[in-house]
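Structural description and commentary
The residues making up each chain are set out below.
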Amino acid sequence: MDKKVRVRFAPSPTGPLHIGGVRTALYNYLFARQNGGDMILRIEDTDSNRFVPGAEEYINEALQWLGIGIDEGVHEGGNFGPYKQSERRDIYRKYVKQLLNDGKAYVAFDTPEELDAKRKEIANFQYDAKTRGMMRNSLTMLKEEVDALITAGEKYVVRILIEPNQEVKVNDLIRGEVTVNSSVVDDKVLYKSADDLPTYHLANIVDDHLMEVSHVIRGEEWLPSAPLHVLLYEALGWKDSMPQFVHLPLLLKPDGKGKLSKRDGDRLGFPVFPLEWHDPVSGDISSGYRERGYLPQAVVNFLALLGWNPGTDQEVFSMDELIKEFSFDRCSKKGAKFDFEKGKWFNHEYLINMDDAELAEIFKPELAKHGVDTEQFTNEYITRAVGMIKSRISFVGDIWDNAKFFFVAPTEYNPKDIKKRWKEDTPDTMCRLIEVIKGIDDMTSANAEEIVLGWIRDNELHMGNVMNAFRLTVVGECKGPHMFDIAELMGKDEIITRIERGIENIKPVTE
RNA sequence: GGUGGUAUCGUCUAGUGGCCCAGGACGCUGGCCUCUCACGCCGGAAACCGGGGUUCGACUCCCCGUACCACUACCA
């Protein structure tokens, strides 16, 4: 019988959650939901030196913003806790002891300095079957000597004892079977007495086993240590219940080569973090998708397609659709270069399809930020204004630039457009336009359009020049929604006022 | 250096031996629509890393080479 699907996302709180980590979390979540399984959030804080305050909260907030739900974790609780590794010391100690008793691991006293020296002395030095005989460990020392050192408080580590020349097979859902010879895997440190904490490798295996994790879904950077993990499961006697491995292709830099890193965002001008991050130590601020005006659904959609595809032409997916369609056998083996332009397009797509009223709500704080008294405008007004410009923008943050004329009359006019559309006789034409508009009883877009366009035709005026001059006075530049839609929303009085102001303030460019 | 992984348009990718002189999307680009800018619609340029096999037939299978990526800590 297949065991219940239980997956975990296990970040270490050493900083803000990276966008690659977000994708790993997302794939875990999609797989869990698709199979009616559990999604665990485990905090891997076994490196006491790298703890960053606020990082754990950041992770929670980011996942929540993106709609990646957690079933078990530090905040959610669960039957397999604690979910923070620093609180599981007793558990790890027990298994370290077991490994030692079973002869699957040994104690080593070599200092970092001694190891460094060895690495310099011997090319390709690796702590393994070939070299452990010349190191200071419980294999080369007398038991009394070892015990004496430990009781004296000498710092030591526990290393796994790797049997050389064994074929280690890692089964991966994306890559198939990967075989590695155990001679190339070294006697990795499992536990350090200095802080009484295990390293990632031990903690990870122990926790995954105890938490009954069925699938280990993580980044490809872990593939090289997967053989070690397989060996660890065997050493602990858990081979039969070993989880299925899935190593996801990496997210690569958009230019050049290599893994996408924290610094790429600032260098290339796009966020690499879901949320803005304020570094508590340096005070540096890194931009986030949320603050940039990205919609969480767009980020999720974009990320989902980076390394996975449905095999059809569909590109826009809701979270529910992703849950339904996602599968590892449609995951790419190749790292994906991060394409910011495509991400932008996804956001644009979501913005266009978003309900106008909903978008208006998101836009309101933005309005207030720009000094507009939102009480002065009805929800309907804001909603309709936003609805008219959303096809022209990519981010929520772009709305203001494109829609401000709905809320504030232009004080400046685009010089290029003036040059092209504001001639000597334009003020006169605009005066006549005012008279025409004054005579319109019903400002409904279609009606006003019929009347004004009729007037232009009857008087044999130049349509482009008149309409663009009109637009210039109302909008401040020659772009934006249909003029008569704007006029209908703003109303006759406001339109007339703006034309008058334009006549007064716009001076033709003469050269 | 060692080990592992990967290799289709600039980018994300479809393609599991004939349907492929390689399809979609982003970006770029020509046009239509049009009072402008967008949206939308219709077009265009743009790719199978190289060499050997296997086969009637290879983007697809095998081998070699090359390139790229990851790992190579008492970090995760």
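Structure's up top.
It should be emphasised that the depicted structure is a prediction, and the values quoted were computed from it without experimental measurement. (Residues numbered from 1 in each chain as written. Chains lettered and ligands numbered in written order. Predicted model: local features only at pLDDT ≥ 70, side-chain atom pairs only at ≥ 80, totals over all residues. Heavy atoms only, no water.)

A closer look at the overall build of chain A
Secondary structure assignment for chain A yields 20 helices and 15 strands. Its C-alpha atoms give chain A a radius of gyration of 32 Å, clearly above 24 Å, the size a compact globule of 511 residues would have. Dimensions of chain A, computed from C-alpha atoms along their principal axes, come out at roughly 110 × 50 × 40 Å. When each of the 511 residues of chain A is scored for burial, the buried share is 52%. Of the contacts formed within chain A by residues at least 6 apart in sequence, a portion of 72% connects residues at least 24 apart. About 24,500 Å² of surface is accessible on chain A, with carbon and sulfur atoms providing 48% of the total. Put simply, chain A has 65 plus and 85 minus side-chain charges, and the middle of one group is 5 Å from the middle of the other. (Helix = DSSP H or I, 4+ residues; strand = E, 2+ residues; numbered from the N terminus. Rg over C-alpha atoms; globule rule 2.2 N^0.38 Å. Buried < 20%, exposed > 50% of the residue type's maximum accessible area, 1.4 Å probe, protein only. Contact = heavy atoms within 4.5 Å. Areas by Shrake-Rupley, 256 points an atom, 1.4 Å probe, with all protein chains shown as cover. Lys, Arg positive; Asp, Glu negative; His and termini not counted. Charge placed at Lys NZ, Arg CZ, Asp CG, Glu CD.)

Looking at the packing of helix α16 (residues 426-438) against helix α17 (residues 445-458)
Orientation of α16 relative to α17, taken along the N-to-C sense of each, is 140 degrees, at an axis distance of 11 Å. Relative to α17, α16 is oriented oblique. Between α16 and α17 the crossing geometry is right-handed. Together, Thr429, Arg432, Leu433 and Val436 of α16 and Ile451, Val452 and Trp455 of α17 make up the contact between the two elements. Looking at the contact of α16 with α17 residue by residue, the classes come out as five nonpolar, one polar and one charged. (Axes fitted to C-alpha atoms, helices over the stretch in contact; angles between N-to-C directions. Parallel < 35°, antiparallel > 145°, perpendicular 65-115°, else oblique. Left-handed = near helix turned anticlockwise from the far one by under 90°. Nonpolar A, V, L, I, M, F, W, Y, C, P; charged D, E, K, R; others polar.)

Examining the packing of helix α9 (residues 296-304) against helix α11 (residues 340-353)
The geometry of a pair of packed helices is captured by two quantities: the angle between their axes and the separation between those axes. Two elements in contact, α9 and α11, have axes whose closest approach is 9 Å; the angle formed by their N-to-C orientations is 135 degrees. By the angle between their directions, the pair α9 and α11 is classed as oblique. As α9 packs across α11, the resulting crossing turns out to be right-handed. Here Gln297, Ala298, Asn301 and Phe302 of α9 come into contact with α11, specifically with Lys342, Gly343, Phe346, Asn347 and Tyr350.

Here's the deal with the protein's contact with RNA strand B
Taken together, 58 residues surround RNA strand B, and among them Lys257, Glu315, Arg392, Cys478 and His482 come closest. Per the 4 Å cut-off to the protein, sugar and phosphate atoms form 72% of the nearby atoms of RNA strand B. With respect to RNA strand B, the side chain of Glu315 contributes an N or O atom lying 2.2 Å from a sugar or linking oxygen. Contact distances for RNA strand B include 2.6 Å between a sugar or linking oxygen and a side-chain N or O atom of Asn468. Those elements giving two or more residues to the surface near RNA strand B turn out to be α4 (112-121), β5 (157-160), β7 (176-181), β8 (189-192), β15 (336-337), α11 and α18 (463-475). (Near = heavy atom within 4 Å. Polar contact = N/O pair within 3.5 Å; in protein donor to acceptor, adjacent residues only side chain to side chain.)

Just geometry here; none of it tells us what the structure is for.
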